[in-house]
Structures are given as C-alpha cells and as structure tokens.
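Structural description and commentary
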Amino acid sequence: MRLGKQAGFTLIELLVALVILGLLVGLVGPQFFGKVDSSKVKTSQIQVSMLKVALQTYRLDMGGYPDALVRLQRRPSDANAYWSGPYIDGEVPFDPWGHQYQYQIEPTTDLGFFLYSYGADGVSGGEGLNADIGYLPQQESMRPQENLQ
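Residues numbered from 1 in each chain as written. Predicted model: local features only at pLDDT ≥ 70, side-chain atom pairs only at ≥ 80, totals over all residues. Heavy atoms only, no water.

Counting 19 residues, the largest nonpolar core has L51, L55, L69, L72, Y103, F113 and L115 as the members making the most contacts within it. Of all elements in the fold, only α1 (11-62) and β2 (113-117) reach the threshold of two or more residues within this core. By residue number, the principal contributor to this core is α1, which donates 6 residues. With residues up to four places along the chain from it excluded, the contact list for L115 reads V48, L51, K52, L55, L69, Y101, Q102, Y103, I133, G134 and Y135. (Core = buried A, V, L, I, M, F, W, Y, C linked by side-chain atoms within 4.5 Å. Buried < 20%, exposed > 50% of the residue type's maximum accessible area, 1.4 Å probe, protein only. Helix = DSSP H or I, 4+ residues; strand = E, 2+ residues; numbered from the N terminus. Contact = heavy atoms within 4.5 Å.)

This is how it looks when you write it as structure tokens:
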C-alpha cells in the first residue's frame, strides 16, 4: 500500500481566512445596519404622508376628520352618503418599529390634526433614530420631521 499526499487546508490557513472574514464583517456590518435603521425612518415618513392624504380625502368627502385612523378603512356606522372609502388599502399600518401611529384631531392647527410616530424608542421625544416623525404637536410649522442621519 502506498500512502499519497492528501490535499487540504492547514489549521493556520483556516484561522487566517476566518480572521479576514471577521474583519470584513466588522467593517461592513455596522454600515449595513445603519442603512436599515435610516430606511425605517424614511418608511415612517412615507407612511405618515400616505395617511395624511387619506385623512384629507376623508375630510373632503365627510366634512371633517375621522375620530380614529381605523375609520379610513372601515365605514363608520354614522357615515353619510358621501363616504367613498376605504381610503387606504388594507389595515392601518403600524410604524416600522411595530407601534401604532399617534393621531389626534386639532382644529387650531394648519392641517387640523396631529399624526406622528414616536420613532425607534416608542416614547415621545428623542434624537436621531429615536426622534418623533410626522406632524407633531410641538411643531410650529406643520411639516414632517426629517430625522435621517
């Protein structure tokens, strides 16, 4: 019997390859996950804009804003003949972090309502990814917050 030389990788070669892969993941990973977070902020801004249009369309048809966002999708029992919804497809969306959008009617503002997400942390206030997004009660000009960083 003749023993031949076996082909393969040595333990050192495998360790060097793993170290290189670890370095690449360490450099690229945080940048990738940062993009995921900023895309959630952008998604929330887009959803707030979509809901704003739906609320304004509802107001044009019904003469006022609904008492709850769910009224954009389901006909209220007291709806008049002018209700031509549903004003959104499917159910009212949650924000990208799984929280309900905050909505309240406020006739004294330019838009007539507040509509916003609490951001990544799910509580009022914050900065960066945790900042509130949308048409907020504390804003003087009713423009969506732009929190992309």
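Let us look at the confidence of the model for the protein. Per-residue pLDDT for the protein has a mean of 82; in total, 86% of the residues score no lower than 70. Element-level pLDDT for the protein is lowest in α1, with a mean of 85, against a maximum mean of 94 in strand β1 (residues 102-105). (pLDDT = per-residue confidence, 0-100.)

This part is about the layout of surface pockets. One number sums up the size of the largest pocket: a volume of about 170 Å³. Around the largest pocket sit L69, V70, E91, V92, P93, F94, Q100 and Y101, which together line it. Each residue belonging to the lining of the largest pocket can be placed in one class, and the counts come to 6 nonpolar, 1 polar and 1 charged. (1 Å grid on protein atoms, 1.4 Å probe; cavity = no way out; pocket = protein on both sides within 12 Å on 5 of 7 lines; lining within 4 Å. Points joined across faces, edges and corners; volume = space filled by probe spheres on them. Nonpolar A, V, L, I, M, F, W, Y, C, P; charged D, E, K, R; others polar.)

To continue, consider the packing of aromatic side chains. Inspection of the entire model under this criterion finds 5 aromatic pairs. When the centroid spacing of 5.0 Å and the interplanar angle of 75 degrees are considered together, the rings of Y65 and F113 count as edge-to-face. You can see Y65 sitting in the loop between α1 and β1 and its partner F113 sitting in strand β2, a full 48 residues away along the chain. Across the pair, F113 and Y65 agree in class, each one buried. Aromatic pair Y103 and F113: ring centres 6.2 Å apart, planes at 50 degrees, arrangement tilted. A residue pair is termed long-range when its members are at least 10 positions apart, and Y103 in strand β1 and F113 in strand β2 qualify at 10 residues. Here F113 falls in the buried class, since its relative accessible area comes to 0%. (Phe/Tyr/Trp six-rings, centres within 6.5 Å; stacked < 30°, edge-to-face > 60°.)

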